[in-house]
Structure formats: C-alpha cells, structure tokens
Amino acid sequence: MLPAADSGCLLIADVSGYTRYLHDTELEHAQDVLADLLGSVVTHLRSALRISKLEGDAVFAYALASEIDGSTLLDTVEQTYFAFRTRLRDVFQATTCQCNACRLIPSLDLKFVVHDGRFARHRPAGSEELTGSDVVIVHRLLKNDVKTFLGLDAYALFTEACLVALGMDPEVLGMKEHRERYEDVGEIRSHVEDLKSAWDRYEEQRQVFVAPAEAQLEFTATFPAPAAVVWDFCTSPHKRLLWQTDFTRIDESNPGGRRGPGTTNHCVHGRGAITEEILDWRPFHYFTLRMVAPMIGSLTQTFEFRPVDENSTTLHIRFGPIRGRQRLIWPLFRRNVAKGMQANSERLHRLLEEEVGEPTGMAAD
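Each value, and the rule that gives it
Residues numbered from 1 in each chain as written. Predicted model: local features only at pLDDT ≥ 70, side-chain atom pairs only at ≥ 80, totals over all residues. Heavy atoms only, no water. Core = buried A, V, L, I, M, F, W, Y, C linked by side-chain atoms within 4.5 Å. Buried < 20%, exposed > 50% of the residue type's maximum accessible area, 1.4 Å probe, protein only. Helix = DSSP H or I, 4+ residues; strand = E, 2+ residues; numbered from the N terminus. Contact = heavy atoms within 4.5 Å. Pairing = 2+ DSSP bridges. Polar contact = N/O pair within 3.5 Å; in protein donor to acceptor, adjacent residues only side chain to side chain. Phe/Tyr/Trp six-rings, centres within 6.5 Å; stacked < 30°, edge-to-face > 60°. Lys NZ or Arg CZ within 6 Å of the ring centre and 35° of its normal.

Q: Summarise the nonpolar core; cite the residues concerned and give the values.
A: If you look at the biggest cluster of nonpolar residues, it comprises 44 residues, and the most contacted ones within it are Leu11, Leu73, Phe112 and Phe158. A per-element tally of this core places helix H2 (residues 27–45) first, with 8 residues. Here Leu73 is in contact with Cys9, Leu11, Ile68, Val114, Phe158, Cys162, Leu166 and Met168, once residues within four sequence places are set aside. Grouped together as the second largest cluster of nonpolar side chains are 38 residues, Trp281, Ile317, Ile329 and Met341 included.

Q: Run through the pairing of strand S8 (residues 186–194), naming residues and quoting values.
A: As paired elements, strand S6 (residues 155–159) and S8 share 5 bridges and run antiparallel to each other. Within S8, the residue paired with Tyr155 across the bridge is Asp194. When strand S7 (residues 176–182) meets S8, the two strands line up antiparallel, connected through 7 bridges. Counterpart to Tyr182 in the pairing with S8 is Gly186. Where S7 hands over to S8, the hairpin turn is made up of 3 residues, counted between the paired strands.

Q: Got a sec to walk through the environment of His178? Specific residues and values, please.
A: Along the chain, His178 falls in strand S7. Each C-alpha atom, one on His178 and one on Val192, is 6.9 Å from the other, the two residues being 14 residues apart in sequence. One polar contact links His178 to Glu180, side chain to side chain, over a distance of 2.5 Å.

Q: An account of the packing of aromatic side chains is requested, with residue identities and associated values reported.
A: If you walk through the whole model with that rule in mind, you get 15 aromatic pairs. Here the aromatic residues Trp231, Trp281, Phe284, Phe287, Phe303 and Phe305 are joined through ring pairs into a cluster of three or more. Stacked on the ring of Phe233, the Lys or Arg Lys239 has its end atom at 5.2 Å from the ring centre. When the ring centre of Tyr202 is taken as reference, the NZ or CZ atom of Arg282 above it lies at 5.0 Å.

Q: Got a sec to walk through unusual backbone geometry? Specific residues and values, please.
A: With a phi angle near 70 degrees, Phe284 is a residue other than glycine that sits in the positive phi range. Relative to the helices and strands, Phe284 is located in the loop between strand S12 (272–282) and strand S13 (286–293). A relative accessible area of 10% places Phe284 in the buried class. Even without being a glycine, Met295 presents a positive backbone phi close to 75 degrees. By the secondary structure assignment, Met295 is in the loop between S13 and strand S14 (297–309). We classify Met295 as exposed; its relative accessible area is 71%.

Q: Describe the environment of Glu67, with residues and values.
A: Mapped onto the elements of the fold, Glu67 is located in the loop between strand S3 (58–64) and helix H3 (70–94). Using a relative accessible area of 27% as the deciding quantity, one classes Glu67 as partly exposed. Spatially, the C-alpha atoms of Glu67 and Arg50 are 10.0 Å apart, while their sequence positions differ by 17 residues. Not counting the four nearest positions on each side in its chain, Glu67 is found in contact with Arg50 and Lys239. A polar contact of 2.3 Å, which involves the side chain of Glu67, links it to the side chain of Arg50.

Scope: geometric values only; no functional claims are made or implied.
Right under this line is the structure:
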C-alpha cells in the first residue's frame, strides 16, 4: 500500500565550505567540529520542524502545512544560523589547538534551501524517508549560483512556492530575487535572504527587557512543551485565541507577514480593546511589547522563555515600572491581570497536554 501524500515545508541546512575544509584539515578533528556544529543546527531546527535525517554535512527537515507559519519559519532559520555562528565563534575562541581543522573553523558557514510542496513519508528499515518531486527540487537547489550572482556564502533561499504558501512578501522582507534552471525540473523562481546581514543586525539590535528586579508584577508558568512551541502559542494571533478566551479577535499588522519590532496587535475583548506594539524580538528567548489598555494606559511587558529541558519551558511574564496616576489603579489592575493570567495559563496547559503529557506547576508573584 502506497503512503498517503502530505504537503508542507521542506528545508535543508547545509554547512558551506565543508568539502574544502575537509580537504585541507586533519580528518579526525574535522569530523569532531562538524558533529559539534551539526548538533547545534539540529537542536535549533527541531524546535519548530521535524528532522528527517542527516545527509553528510547537511540536515534535512520538514514541517506539515498546519504546523508552521511564515514568521515562525523565518525566525527558526535565523535563530538556527545565529546559534551556528555563535557556536563557530565560541569553539574557535576556546581552542588552543593549532591544527588546520581548528585554525580554519572560521572558513565554515551555513546556508538554507526552503521549498514548499507535496511529499510521501514512509519508514524503510525503521528510518523515515521523504519522497516526491518536491523533495528532488529542494535537493537540486543545493547546487545553485547564489554565490556567483549575489556574492553570498551565508543565505536562506526560499522558493516562490514557499513564499506563496506561507504568505511572505519577499520585497518587503528585503530578499533578493534569484532564478535557477535545471534540465530535469526546469526553472525555479526564488528569493534569497542574506543571513550575514541578518546576523549583523541581530548583534546591533537595541534590547528592551524587563528584568526581575524592576518588575511590578511577574507571572510564572511551566509548560510541557519546547520553548519554540510555547513561543508560537504566545505570538500567533490564531493560536492565542485558542487559550486567551478573553479576546474575541486579534488583528495583527506586520510588514511582509513577519512578526518583529514594529508589529502591532489590536486585541478586542468585549467593548474594549488593547493595543500591543513589539519593541524587542529575540525568537524563542524573549520578546518585549508596549501594551496600551483602558484605564491603566501604557505598560511594558517582557515574555521570557527559559527551557527546563527539551520538552518543557518556564515562561516568565513581567510588567515594567508604573508611573504617575497608574499607581492609583494598579492594585485593582494587578488583581484582575493575575486572575486572568492564571485562567489563560491553565487553558494553554490543557492544549499542550493533549500532545505531550502531564502539567507542571505555575505561580504568580
């Protein structure tokens, strides 16, 4: 019996420059370096995608169509690259070895090819295999002319099929158009993100963070799910409505279909509404927003996600300093917010427990 076909996102993360690196270095050390770097890539990709298999110096992963949106995909790609660059830097700075394998670590980089299409999943000899013409296409695209025409070593190539399926606007997102032609699959239209530039922006980005010492209210809850999953339920308007039942509608405005600094949410509840503006966005670690609510006015909130292990995450929600007349209404606002957060947190627990198991503790301070 043939396996049923699925549709969704197909992704390959490939270590650039590894073939030459392997040729110029000691095999034993080179393999250790690759294993270390690929371990970091796998750890960050599997927070939002399913790992199909390792393919030498590459990782093949996928997500079903219902499992990921454009914003989460872009965040996952960038955070995986940032983790790779950080690990590359840390390993190089920490080693005192003068062998070629260690000295040439900075010559390595990471690229991504991302496609959307149909595929079949089956398990010969216990390992999962994906098959189909779109699986062929995403692998063909690893051999491309991006470096020749765009001069990039570190990049994420998104096919037009992927951009359309996930509702991303490549021009607004600053991606560069690119085309490849292959004899067996024809012309593939795509757009490319410069990950080195994204890394530079990330390093320079202004931080807005409510620390525990300055929090007027901190709510803590531990959920039985990886940080990226809890993050998704806290940032996707559709998923927020599944557990924040005090809202009847959340209208999101963000350029190019991607959340980040400048994204605004208009959250409707009853006759009132709350406006949110994202000020700082560090995917799967924390985000900070400015909330404007009736009566209390403007408040700063930080949502910090701390992994307990691979399958559980503690979420800290902190409200920043209050000022002026806010102090008069703060006691009542604080009680109502704490009560609402407790109820919402319990609903989110139940949603996550349907797939991953038993609840853990929660508390408001």
